[in-house]
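Fold and contact review
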Amino acid sequence: MAITPERFLAGIRLNPVNLLLLEKLPALGLPQCMLTAGCLFQTIWNLKAGKDPEHGIKDYDVFYFDNRDLSWEAENEVIRCAGALLGNLADKVDIKNQARVHLWYGAKFGKDFPAFKRTEDGIDHYLISCTRLGVRVSDGGLYAPDNLDDMWHGRLRMNPLNVQPELFGRKCEQYRQRWPWLRVQPEAAIDEPR
């Protein structure tokens, strides 16, 4: 059985941390703010596997896009404000201004990206296609450029926008240790129609 966007959005809210973040983050007023990454798809994988919705989720990623000030100090001020808003929960939250990613990504991961123009650009460059998911904080809308089929069925495909076989392989192995039913698709499959 496939998962609909409505079922996905209801499912991710069964994780109490996701629910709290979606309720509290609008107060920060961050432009193009999205809850994204593992806290979304890993919650669904946990539910599908009969585990606690929070099982094994290391952090909760929040992306926003503000190109008015690309300094670390401006981003750090947002992190500080989020800390005041979220209290102890702030330690689990990783907030990143997607307008700044091109300034540090290459030094950290060995591959440069052009400057992003919107929050979705950061999500679009995740290593694994089915993990390219975000929930808009402003209206709870879902961003899922690859739909939800591969995520639901546990098909891990390399993202053709971010081809890094070694990092892809490591990430897939980390996921498969927690959810052994996930399946890595052959590299040739990244361009196959779905």
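Worth saying up front: this structure is predicted, and the values here are computed from it rather than measured. (Residues numbered from 1 in each chain as written. Predicted model: local features only at pLDDT ≥ 70, side-chain atom pairs only at ≥ 80, totals over all residues. Heavy atoms only, no water.)

What follows covers the state of the cysteines. Evaluation of the coordinates by the stated rule reveals 0 disulfides. C33 provides the cysteine sulfur closest to C81, a residue in no disulfide bond, and the two sulfurs are 13 Å apart. (Disulfide = S-S within 2.5 Å.)

Within helix 5 (residues 101-109), burial applies to V101, Y105 and G106. On an axial view of helix 5, the arc spanned by its buried residues comes to 110°, and they lie on one face. Away from the buried face of helix 5 by more than 90 degrees, exposed residues A107 and K108 are located. Buried positions along helix 5 lie against strand 3 (93-97). (Buried < 20%, exposed > 50% of the residue type's maximum accessible area, 1.4 Å probe, protein only. Helix = DSSP H or I, 4+ residues; strand = E, 2+ residues; numbered from the N terminus. Arc of directions from axis to C-beta. Contact = heavy atoms within 4.5 Å.)

Before going further, it helps to examine the nonpolar core. Core analysis: the biggest nonpolar cluster contains 43 residues, and F8, L21, L40, W45, V93, I128 and M151 have the highest contact counts within it. Counting only elements with at least two residues in this core, the list comes to helix 1 (5-12), helix 2 (16-24), helix 3 (38-48), strand 2 (60-64), helix 4 (72-86), strand 3, helix 7 (149-153) and helix 8 (165-178). Looking at this core element by element, the count peaks at 5 residues for helix 3. (Core = buried A, V, L, I, M, F, W, Y, C linked by side-chain atoms within 4.5 Å.)

A separate point is the pattern of salt bridges. Considering all chains together, one arrives at 12 salt bridges under this definition. Between E120 and R118 there is a salt bridge; the shortest N-O distance is 3.9 Å. Note on R118: relative accessible area 32%, which makes it partly exposed. D150 is paired through a salt bridge with R157; the nearest N and O atoms lie 2.6 Å apart. When sorted by exposure, D150 lands in the same class as R157, which is buried. Members of the salt-bridge network, linked through shared partners, are R118, E120, D121 and D124. (Salt bridge = Lys/Arg side-chain N within 4 Å of Asp/Glu carboxyl O.)

Attention shifts here to the environment of M151. Within the fold, M151 resides in helix 7. Sequence separation between M151 and I3 is 148 residues; the distance between their C-alpha atoms is 9.3 Å. Not counting chain neighbours up to four residues away, the residues in contact with M151 comprise I3, F8, F41, I44, W45, C130 and L133.

Before going further, it helps to spend a moment on the side chain of Q185. Within the element layout of this structure, Q185 appears in the segment after strand 7 (183-184). A distance of 3.5 Å separates the side chain of Q185 from the backbone oxygen of R183, its partner in a polar contact. Setting aside residues no more than four positions away along its own chain, Q185 makes contact with R155, L156 and R157. (Polar contact = N/O pair within 3.5 Å; in protein donor to acceptor, adjacent residues only side chain to side chain.)

Remark on secondary structure: sheet strands pair via backbone hydrogen bonds, oriented parallel or antiparallel. Pairing in this open sheet of 5 strands is mixed, and the strands run 3-2-1-4-5 from one edge to the other. Both outer strands of the open sheet, strand 3 and strand 5 (142-143), are each paired with one neighbouring strand and no more. When strand 2 meets strand 3, the two strands line up parallel, connected through 5 bridges. From the neighbouring strand, Y64 faces strand 3, where its bridge partner is N97. Relative to the sheet, helix 4 contacts strand 2 and strand 3, its axis offset from that of strand 3 by approximately 150°. (Pairing = 2+ DSSP bridges. Axes fitted to C-alpha atoms, helices over the stretch in contact; angles between N-to-C directions.)

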